[in-house]
Structures are given as C-alpha cells and as structure tokens.
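# Topology and contacts: notes
Each chain, letter by letter, is given below.
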Amino acid sequence: MTFWDILIPVLTLIVGLVLGFLGGVFYLRSQMTKMQNNPDMLAKMAKQMGYNMNKQQLQKAQQMMKNQNQNQNQNFKPRR
C-alpha cells in the first residue's frame, strides 16, 4: 500500500464534503429567498413542519424573513 493509495481517497472525501456543504448552503439560500416572495411555498413548508398558519401569521413570517435578510446585507462588509 503506497502513500497515494491513502491520500487520494482522503482528499476525495474532504473535497466531496466541502462541495456538498457549499451546494447545500446555496440551495437553502435560494429556497429561503423563494419563500420570501411566495406565501404558498412558506405555507407548504410550515404545514410539513406541523404548523397551520393563517394569512396574518404567514405575512408576519415573510416580513421577519425579509428583515433578517436586510440585516444580514447591512452587516456584510466586503474585504479590501
């Protein structure tokens, strides 16, 4: 068993985990953005989690998500 027989699978595992994590983050962010603009999608997710939300609760949840997104964008400062 050579050095490469151990190194290549370990590196492949690490790269796969990192790419999978980044792909999951990108997918989750896109779904959250869609939910902000689509109350039906938000209601469907809430129902899957076992919550029955009325229109007022859905509007409040959407507003909270939009406010959270705006706060994250304001706190983001690009590096120079």
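### Some details on the overall build of the protein chain
Scanning the protein chain from terminus to terminus reveals three helices and zero strands. Along the protein chain, helices and strands appear, N-terminal first, in the series α-α-α. With 80 residues in all, the protein chain has 11% of them scored as buried.

### A word on the nonpolar core
Nonpolar side chains tend toward joint burial in soluble globular proteins. M35, L42, L58, A61 and M65 form the largest nonpolar core, which has five residues in total. Looking at which element gives the most residues to this core, the answer is helix α3 (residues 55–75), with three residues. When residues no more than four places from it in sequence are discounted, the contact partners of M35 are M41, L42, M45, Q62 and M65.

### Observations concerning the packing of helix α1 (residues 3–37) against helix α2 (residues 39–48)
Interhelical geometry of α1 versus α2 gives an angle of 115° and a closest axis separation of 5 Å. When the interaxial angle is binned, α1 and α2 end up roughly perpendicular. Where α1 approaches α2, its residues Q31, K34, M35 and N37 are matched on the opposing element by P39, M41, L42 and M45. Within the contact of α1 with α2, the residues separate by chemical class into five nonpolar, two polar and one charged.

### A look at α1
Taking 1.5 Å of rise per residue, the 35 residues of α1 would be expected to cover 51 Å, and the 52 Å separating its terminal C-alpha atoms lies within 8% of that figure. Those residues of α1 that sit buried are Q31, M35 and Q36.

Reading the values: the criteria
- Here the residue numbering is sequential within each chain, running from 1 through the sequence in written order.
- Reporting of local features is limited, given that this is a predicted model, to residues whose pLDDT is at least 70; pairs of side-chain atoms are given and counted only at 80 or more, and all residues count toward the totals for whole chains, interfaces and linings.
- Only hydrogens and water are removed before side-chain values are computed, so all heavy atoms of the structure are retained for them.
- Put simply, DSSP marks the helices as runs of H or I at least four residues long and the strands as runs of E at least two long, and each gets a number from the N terminus on.
- Relative accessibility thresholds used throughout: buried, under 20% of the residue-type maximum; exposed, over 50%; partly exposed, between the two (1.4 Å probe, protein chains only).
- Nine residue types can take part in a nonpolar core, namely buried Ala, Val, Leu, Ile, Met, Phe, Trp, Tyr and Cys, and a core is a set of them joined through side-chain atoms within 4.5 Å.
- Here a residue-residue contact requires only that any non-hydrogen atoms of the pair lie within 4.5 Å.
- Whenever a helix is involved, its axis is fitted only over the stretch in contact; in every case the axis is a line through C-alpha atoms, and angles between N-to-C directions fall within 0 to 180 degrees.
- Oblique is the label for any angle not under 35 degrees, not over 145, and not in the 65 to 115 range, which are roughly parallel, roughly antiparallel and roughly perpendicular in turn.
- Note on residue categories: nonpolar means Ala, Val, Leu, Ile, Met, Phe, Trp, Tyr, Cys or Pro, charged means Asp, Glu, Lys or Arg, and polar means any other residue, Gly included.
- Here the expected length of a helix is defined as 1.5 Å per residue gap, with one fewer gap than residues.

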